[in-house]
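Per-entry structural report
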Amino acid sequence: MSEFKVSIVSSNEEIFSGTADMLYATGSLGEIGIAPGHSPLLTGLMPGPVRVCNEDKEETFFCSGGFIEVQPDVVTVLSDVAERADSMDEAKAIAAKEQAEKDLADNKDNVDFAKAASQLAEAAARLKTIQKLRKKI
Amino acid sequence: MANTKEVRKQISSIKSTRKITSALEMVAASKIKKTQDLMFGGRPYSEKVKEVIEHIASSSSEYSHPFYEERKNKSTCYIVVGSDKGLCGGLNINLFKKIVAEAAENQKNDVETSFALIGVKAVTFFGNLGGKVLGQATKLGDKPNPEDLIGLTKIVLDEQKKGNIDRVVLCSNKFVNTMTQQPTLQQLIPLSHGENAESQTSMQWDYIYEPEAKVLLDGLLTRYIESLIFQAVLENNACEQAAKMIAMKNATENAGDLIKELELLYNNVRQAAITQELSEIVGGAAAV
């Protein structure tokens, strides 16, 4: 078994469906790499890139949280929001990060602290994904 | 005999009604595509979640979630998905009738009934009917946001965990095609263990859970139920637009028929008036 099926879905569309020989994601307890024949695993996803490697090709997706289910021959990523990292706009990501930081800074009464913190984490992860991608190019 | 002025007034009022119904028909027709795209777009997610949930059900987990627990049914909650606007034929009422029939059955068996309502029409109908309403969500628009439904779902699931509700049923219209919408009641809780649960017991296996089974399953099952409800809302939207288009098309056609009849009547009345006038003149001339 040298490859496995991967499907990445978000609540409003199917993002990716195909095969891969390696997959990297940010699990809730840290980065995980999944090779074919991995034992069944169920874990949460943190905001961050999900990389799908296939021989020499590699595709990166951004997921802002969700779940990942691993079976020996199938991996399913249930993402809350996922997008192809290539299509992510760096300016938009920076703006989102700044907005989140600002919300967090003037956290007086109306802004929900937990929400702002999670937004910041998401924006930072988004930015990291873009920058990682940049370096490779 | 009606006079010509009255008939003319009636014709013009029906004509303006026809304009409105045909405009609504066109609006619905243009929205159908968009709502259907949303509906089909949401399907892969709910299918994948379902697959994962089935895998989980067939695994031999050390932790059993309350959603799988089969209790004696003492209280049922109906999550009703209705439309926000009317003028869509029998779409809502067909669904509501089915629920009312079940609720009546429940009453006979001493099962408590409560509702969680989505859509203005559902809220008005079940509000008038009287009954325990746990929560409601309205004005979701043509592009509903999953976040708008989280509150409602949470209320219901919390009640279930506390043991106040034993069974949760999702009621919505299933989209078959543009002409047909099928009102359906689908049991959400207790979750079924899946058909292949029995056959796989020989192969004992379980997931590695990170961080732990309880947290993960709780999150995932909640997400699963949310996705089912959200998908039902999207599907109901597509149904609503399709039903609205058909209903308005019929209304426009009926208005056309009515106008034709009234025009015939108008001509008859006019003719009669002229004939009468002529015979009066002729009669008058003969007398002179």
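Before going into details, it helps to say that this report is about the structure given with it.

Here is what the cut-offs are and how they apply
- Residues numbered from 1 in each chain as written.
- Chains lettered and ligands numbered in written order.
- Predicted model: local features only at pLDDT ≥ 70, side-chain atom pairs only at ≥ 80, totals over all residues.
- Heavy atoms only, no water.
- Helix = DSSP H or I, 4+ residues; strand = E, 2+ residues; numbered from the N terminus.
- Buried < 20%, exposed > 50% of the residue type's maximum accessible area, 1.4 Å probe, protein only.
- Axes fitted to C-alpha atoms, helices over the stretch in contact; angles between N-to-C directions.
- Parallel < 35°, antiparallel > 145°, perpendicular 65-115°, else oblique.
- Left-handed = near helix turned anticlockwise from the far one by under 90°.
- Contact = heavy atoms within 4.5 Å.
- Nonpolar A, V, L, I, M, F, W, Y, C, P; charged D, E, K, R; others polar.
- Pairing = 2+ DSSP bridges.
- Expected span 1.5 Å × (residues − 1).
- Core = buried A, V, L, I, M, F, W, Y, C linked by side-chain atoms within 4.5 Å.
- Buried area = accessible area lost by both parts, 1.4 Å probe.
- Salt bridge = Lys/Arg side-chain N within 4 Å of Asp/Glu carboxyl O.
- Polar contact = N/O pair within 3.5 Å; in protein donor to acceptor, adjacent residues only side chain to side chain.

For the rest of this paragraph, the subject is unusual backbone geometry. All names here are of chain B. Of note, the amide linkage connecting Ile 189 to Pro 190 takes the cis form, showing an omega dihedral of 0°. Positionally, Pro 190 belongs in the loop between strand S5 (181–189) and strand S6 (208–210). Positive phi is not limited to glycine here, since Leu 87 has a value of about 55°. Take Leu 87: it is sitting in the loop between strand S1 (75–81) and helix H2 (91–108). When its relative accessible area of 54% is taken as the criterion, Leu 87 is described as exposed. In this model, Lys 139 sits at a positive phi of 55°, which is unusual for a non-glycine residue.

Before going further, it helps to examine the packing of H2 of chain B against helix H3 (residues 120–129) of chain B. All names here are of chain B. Direction vectors running N to C along H2 and H3 enclose 40°, while the axes themselves pass 11 Å from each other. On the basis of the axis angle, H2 is oblique to H3. The two elements H2 and H3 cross, and the hand of that crossing is right-handed. Every residue of H3 that contacts H2 at Asn 92, Ile 93, Phe 96, Ile 99 and Val 100 is listed here: Lys 121, Ala 122, Phe 125, Phe 126 and Leu 129. Residue classes in the contact of H2 with H3 are distributed as eight nonpolar, one polar and one charged.

Once that is clear, we can look at the pairing of strand S4 (residues 30–34) of chain A. Residue and element names in this part refer to chain A. Two elements, strand S3 (residues 22–27) and S4, share five bridges in a ladder whose sense is antiparallel. Bridging from a neighbouring strand, Tyr 24 pairs with Gly 33 of S4. Adjacent in sequence and paired antiparallel, S3 and S4 are bridged by two residues.

What follows is about helix H4 (residues 147–162) of chain B. An α-helical turn contains 3.6 residues, so a residue and the one three or four places further along point in the same direction. Residues and elements named next belong to chain B. With 16 residues, H4 extends 23 Å between its outermost C-alpha atoms, agreeing within 8% with the 22 Å of an ideal straight helix rising 1.5 Å per residue. Within the span of H4, buried status applies to Leu 149, Leu 152, Thr 153, Val 156, Leu 157, Glu 159 and Gln 160. Phi turns positive one or two residues past the end of H4, at Gly 163, with a value near 95°.

Most often, soluble globular proteins have nonpolar side chains that are buried together. Counting residues in each nonpolar core, the largest one holds 45 residues, and the members touching the most others are Leu 42 of chain A together with Ile 79, Ile 118 and Leu 188 of chain B. Counting residues per element, the ones that place at least two in this core are helix H1 (4–58), S1, strand S2 (112–118), H4, strand S4 (167–175), S5 and helix H5 (213–287) of chain B. Per element, the largest residue contribution to this core is 13 residues, and it comes from H5 of chain B. Sequence-distant contacts of Ile 79 of chain B, that is, excluding residues within four places in its chain, are made with Ala 116, Ile 118, Leu 152, Val 156, Val 168, Val 169, Leu 170, Cys 171, Leu 188 and Ile 229 of chain B.

Looking now at the pairing of strand S5 (residues 41–54) of chain A. By the criterion of burial, S5 of chain A is predominantly enclosed, with 10 of the 14 residues buried. Of the strand pairs in this sheet, S3 of chain A and S5 of chain A are connected by four bridges, and their pairing is antiparallel. Across the sheet, Leu 23 of chain A pairs through a bridge with Val 52 of chain A, a residue of S5 of chain A. Both S5 of chain A and S6 of chain B contribute to a ladder of three bridges, which runs parallel. Within S6 of chain B, the residue paired with Leu 41 of chain A across the bridge is Ile 208 of chain B. As defined by bridge partners, S5 of chain A adjoins strand S6 (residues 57–70) of chain A across 13 bridges and the pair is classed as antiparallel. Bridge assignment links Val 52 of chain A to a residue of S6 of chain A, and that residue is Glu 59 of chain A. Two successive antiparallel strands, S5 of chain A and S6 of chain A, enclose a turn made up of two residues, where Glu 55 of chain A displays a positive phi of approximately 50°.

This part takes up the sheet that holds S2 of chain B. Residue and element names in this part refer to chain B. On the basis of which strands lie adjacent, the open sheet formed by five strands has the order S3-S2-S1-S4-S5 and mixed pairing. Of all strands in the sheet, those with a lone pairing partner are strand S3 (132–137) and S5, marking the two edges. Mean inter-strand twist for the sheet, computed between neighbouring axes without regard to direction, equals 20°. Pairing of S4 with S5 involves eight bridges; the strand directions are antiparallel. Each bridged residue has a counterpart across the sheet, and for Leu 170 the counterpart in S5 is Gln 186.

Between chain B and chain A, the contact holds 22 residues from the first and 25 residues from the second. Between chain B and chain A, roughly 2000 Å² of surface is buried when both sides are summed, and carbon and sulfur atoms account for 70% of that area. Counting across the interface, chain B meets chain A through zero salt bridges. Linking chain B to chain A there are seven residue pairs in polar contact (both at pLDDT 80 or more). Of all the secondary-structure elements, those providing two or more residues to the side of chain B that touches chain A are H1, S6 and H5 of chain B.

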